[in-house]
Amino acid sequence: MSETSEILLVLLAGLAAGTLNAVGGGGTFVALPALVAAGLPPVTANAASTIALLPGSVAGTWVSRHEITQVGGASTRAMTTTSVLGGGVGAALLLVLPSASFDAAVPWLLAFATVVLAFGRPALRLLGAGPERVGSLGPGVLLAGQFLLSIYGGYFGGAVGILMLALWSLGLGLDPATGNPMRIAQVTAVYVSAAALFLVASDALAAPVLLTAMLMGAVVGGFAGARLALRLPGRALRGVVLGTAVTMTVLYFLRTGTD
């Protein structure tokens, strides 16, 4: 693949990833494989995709800032601090563990996230359709769960937002629609610390052209996705995200099997 083709691939992947994240998540399934196909090692690709997709996440938090409500007995500040710390720990684990471990884990992480994407929302709808539940998780347990999910988010990140909504719905009976603005904010908090660490401790900046191409595409895709989300039915949008996840997961398993 020529350098021009690689840049175009990454630019289009950033556009698609930004769009997917704006309409319901799943950008990781496009961004990571595209950067790997362009020649970056998986660990570097994961770090670069986190950095490149962060601006769109920040924008989403800003847009929904007035709808953010406290989750359970933990304050918003405590939740955000926990997410920042967990994201940093997850990013550090990505950098200090052997790269071969991440290479071997990526297909399975993609598969796990795909299952969450496929069944997470229906499960949340079932929870929301049941009788109203009294929140049972105390602040300490809630923050511990949030910390573990944030570590996963900093290490890989696929479908981490849906996992957060699942924790809040199962443990607190929180309606997913009510918790969605907080989900956006907490995912952003995870990525902020992870991206900051990746900027100073990873080699993501060793490929500035690819990183810039993905960032530019993601920003444009974020704006386009926000408009698209207003026009397309929710079921169609979720179908696009899930179809992308399944396709990329299968392709990644096939790639691993031929290495």
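Fair warning: this is a prediction, and the values are worked out from it, not measured in the lab. (Residues numbered from 1 in each chain as written. Predicted model: local features only at pLDDT ≥ 70, side-chain atom pairs only at ≥ 80, totals over all residues. Heavy atoms only, no water.)

**Q** Hey, could you run me through the nonpolar core in this one?
**A** The nonpolar side chains of a soluble globular protein tend to be buried with one another. Core analysis: the biggest nonpolar cluster contains 61 residues, and Leu-35, Phe-102, Phe-156 and Trp-168 have the highest contact counts within it. Apart from the residues lying within four places of it in its own chain, the contact partners of Trp-168 are Val-71, Met-79, Leu-142, Gln-146, Gly-173, Leu-174, Gly-179, Met-182, Arg-183 and Gln-186. (Core = buried A, V, L, I, M, F, W, Y, C linked by side-chain atoms within 4.5 Å. Buried < 20%, exposed > 50% of the residue type's maximum accessible area, 1.4 Å probe, protein only. Contact = heavy atoms within 4.5 Å.)

**Q** Looking at this model, I keep getting lost on the side chain of Ser-57. Mind explaining?
**A** Along the polypeptide, Ser-57 turns up in helix α3 (residues 42-63). Residues within four places of Ser-57 in sequence aside, it is in contact with Ile-184, Val-187 and Thr-188. (Helix = DSSP H or I, 4+ residues; strand = E, 2+ residues; numbered from the N terminus.)

**Q** What exactly am I supposed to notice about the packing of α3 against helix α8 (residues 176-201) here?
**A** To describe two helices that pack against each other, one gives the angle between their axes and the distance between the axes. Where α3 contacts α8, the axes come no closer than 8 Å and their chain directions differ by 145°. α8 is crossed by α3, and the crossing has left-handed handedness. Residues Ala-47, Thr-50, Ile-51, Leu-54, Ser-57, Val-58, Gly-60 and Thr-61 of α3 form the contact with α8, whose participating residues are Ile-184, Ala-185, Val-187, Thr-188, Tyr-191, Val-192, Ala-194, Ala-195, Phe-198 and Leu-199. Of the residues assigned to the contact of α3 with α8, the class counts are 13 nonpolar, five polar and no charged. (Axes fitted to C-alpha atoms, helices over the stretch in contact; angles between N-to-C directions. Left-handed = near helix turned anticlockwise from the far one by under 90°. Nonpolar A, V, L, I, M, F, W, Y, C, P; charged D, E, K, R; others polar.)

**Q** Explain helix α7 (residues 160-172) here, please?
**A** Since the α-helix advances by 3.6 residues per turn, residues separated by three or four positions end up pointing in the same direction. For α7, spanning 13 residues, the distance from its first C-alpha to its last is 18 Å, which sits close to the expected 18 Å at 1.5 Å a residue. Of all 13 residues in α7, 10 are buried; the element is thus mostly enclosed. Those residues of α7 not exposed but buried are Val-160, Gly-161, Ile-162, Leu-163, Met-164, Leu-165, Trp-168, Ser-169, Gly-171 and Leu-172. At the C-terminal side of α7, Gly-173 shows a positive phi close to 70°. (Expected span 1.5 Å × (residues − 1).)

**Q** Mind showing me how you'd approach the side chain of Ser-193 here?
**A** On the secondary structure map, Ser-193 appears in helix α8. Other than its neighbours up to four places away in sequence, Ser-193 contacts Ser-83, Val-84, Gly-87 and Gly-88.

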